[in-house]
Amino acid sequence: MAPRPAVFIDRDGTLTDEVGYVNHPKRLRMLPRSAEAIRRLNKAGIAAVVVTNQTGIARGYFSAEVLAAVNASLVAQLKEEGGHLDGVYVCPHHPTEGAPPYRMVCDCRKPKPGLLLRAASELGLDLGRSALVGDKPSDLAAAGAVGARSILVLTGYGLGEWEYRRDAFPLAPDHVAEDLLDAVEWVIEGRR
Ligand SMILES: [Mg+2]
Ligand SMILES: [Zn+2]
């Protein structure tokens, strides 16, 4: 099968509400138009892949089992609304906090592109025709590192980052969107 495009999606602040560390599935709050955004991607034949930094693991705030339960709940909630995620990729590391094995300088903590590279190789994705949607400058930088387009959403930390800190961004976004659905519509429009 020929490599297909993907939209990589940050989790906290982009797909779900930014509520701090999500240490229980019940803390997960889907943003209002997220399920529709995923359904649009599914219909357009674009892979929908979550890429998320979860330093709460390295810091010892929650276990890998809890993280797995939270992400399973995310997948289930979307499925209930007719949306399919093609993959969920997590960086559980932190370079200086906590203890090994999670305390390490890894190649997957955004802004590094390791999660995107791993997903591309495992799922057969064309990074040059892909995009990443996130609410932080580190998300944009990860996209830039693999030649994917970058979209900043104004949900989560996005509004504050854009209004007050955009001069400090290592990489300007290719597009600024109200939310994930708005971002996905921009991607799909651009392909027509
Ligand atoms: Mg985020
Ligand atoms: Zn990592």
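Since the model is a prediction, treat every value here as computed from it, not as a measurement.

Side note on the packing of helix 1 (residues 34–44) against helix 7 (residues 180–190)
In contact at an axis separation of 8 Å, helix 1 and helix 7 are set at 20 degrees when each is read in the N-to-C sense. Overall, the two elements helix 1 and helix 7 adopt an arrangement that is roughly parallel. At the point where helix 1 passes helix 7, the crossing takes the left-handed sense. Residues Ser34, Glu36, Ala37, Arg40, Leu41 and Ala44 of helix 1 pack against Leu180, Leu181, Val184, Glu185 and Ile188 of helix 7. When the residues that make up the contact of helix 1 with helix 7 are grouped by side-chain class, the tally is seven nonpolar, one polar and three charged.

Side note on the environment of glycine 124
With respect to the secondary-structure elements, glycine 124 resides in the loop between helix 4 (114–123) and strand 4 (131–134). With 22 residues separating them along the chain, glycine 124 and tyrosine 102 place their C-alpha atoms 27 Å apart. Filtering out sequence-adjacent residues up to four positions away, glycine 124 remains in contact with Pro3, Arg4 and Ala119.

Comments concerning the coordination of the magnesium ion (ligand 1)
Surrounding the magnesium ion (ligand 1) are the protein donor atoms Asp10 (OD), Asp12 (O) and Asp135 (OD), at 2.1 to 2.2 Å. Written as a sequence motif, the donor residues of the magnesium ion (ligand 1) are D-x1-D-x122-D. Residue aspartate 12 is located in the loop between strand 1 (6–9) and helix 1, and its partner aspartate 135 is located in the loop between strand 4 and helix 5 (137–145); the two are separated by 123 residues in the primary sequence. You'll find aspartate 12 and aspartate 135 in the same group, each marked buried.

A few points about the coordination of the zinc ion (ligand 2)
Those donors, Cys91 (SG), His93 (ND1), Cys106 (SG) and Cys108 (SG), are the protein atoms that reach the zinc ion (ligand 2), and they lie 2.1 to 2.3 Å from it. In this structure, the zinc ion (ligand 2) is coordinated by four donor atoms arranged in tetrahedral fashion, with angles at the metal of 102 to 115 degrees. For the zinc ion (ligand 2), the donor residues sit on a single chain with the sequence spacing C-x1-H-x12-C-x1-C. Per residue, the accessibility class of cysteine 106 equals that of cysteine 108, and both read buried.

Things to note about the packing of aromatic side chains
With the rule as written, the count across this model stands at two aromatic pairs. With 4.7 Å between their ring centres and 85 degrees between their planes, tyrosine 21 and tyrosine 61 make a pair best called edge-to-face. Here tyrosine 61 lies in the loop between helix 2 (55–58) and helix 3 (64–80) and tyrosine 21 lies in the loop between strand 1 and helix 1, a separation of 40 residues in the sequence. For tyrosine 21, a relative accessible area of 35% gives the class partly exposed. Measuring from ring centre to ring centre gives 6.1 Å for tryptophan 162 and phenylalanine 169, while their planes differ by 50 degrees; the resulting arrangement is tilted. Judged by relative accessible area, which is 11%, phenylalanine 169 ranks as buried. Positioned above the aromatic ring of tryptophan 162 is the side chain of arginine 166, whose terminal nitrogen or guanidinium carbon lies 4.1 Å from the ring centre.

What counts and how
Going along each chain's sequence as written, the residues are numbered from 1 onward. Each chain takes a letter, starting from A, and each ligand takes a number, starting from 1, following the order in which they are written. It should be noted that, the model being predicted, local features are given only for residues of pLDDT at least 70 and side-chain atom pairs only at 80 or more, the latter also being counted only at that level, while totals for whole chains, interfaces and linings use all residues. In computing side-chain values, all of the structure's heavy atoms are included and hydrogens and water are not. Interaxial angle, 0 to 180 degrees, is taken between N-to-C directions of lines fitted to C-alpha atoms, where a helix line uses only the stretch in contact. Put simply, DSSP marks the helices as runs of H or I at least four residues long and the strands as runs of E at least two long, and each gets a number from the N terminus on. The scheme is simple: roughly parallel for angles under 35 degrees, roughly antiparallel for over 145, roughly perpendicular for 65 to 115, oblique for anything else. By definition, any crossing whose near helix is turned counterclockwise from its far helix by less than a right angle is left-handed, and any crossing with a clockwise turn is right-handed. Note on contacts: a residue pair qualifies if any of its non-hydrogen atoms lie within 4.5 Å across the two residues. Under this grouping Gly is polar, as are all residues other than the nonpolar Ala, Val, Leu, Ile, Met, Phe, Trp, Tyr, Cys and Pro and the charged Asp, Glu, Lys and Arg. Each metal's donors are the N, O and S atoms within 2.8 Å of it, or within 3.2 Å when it is Na, K or Ca, and because water is not part of the set, sites may look incomplete. Note on classification: 1.4 Å probe, protein chains only; a residue is buried when its accessible area is under 20% of the maximum for its type, exposed when over 50%, partly exposed between these limits. Geometry assignment treats four donors as tetrahedral when all angles are between 85 and 135 degrees, treats four as square planar and six as octahedral when opposite donors are over 155 degrees apart and all others between 65 and 115, and treats everything else as irregular. Side-chain rings of Phe, Tyr and Trp (the six-membered ring for Trp) are treated as a pair once their centres are within 6.5 Å; stacked means planes under 30 degrees apart, edge-to-face means over 60, and tilted covers the remaining angles. In this scheme, the term charge over a ring applies when either NZ of a lysine or CZ of an arginine sits within 6 Å of the ring centre and within 35 degrees of the ring normal.

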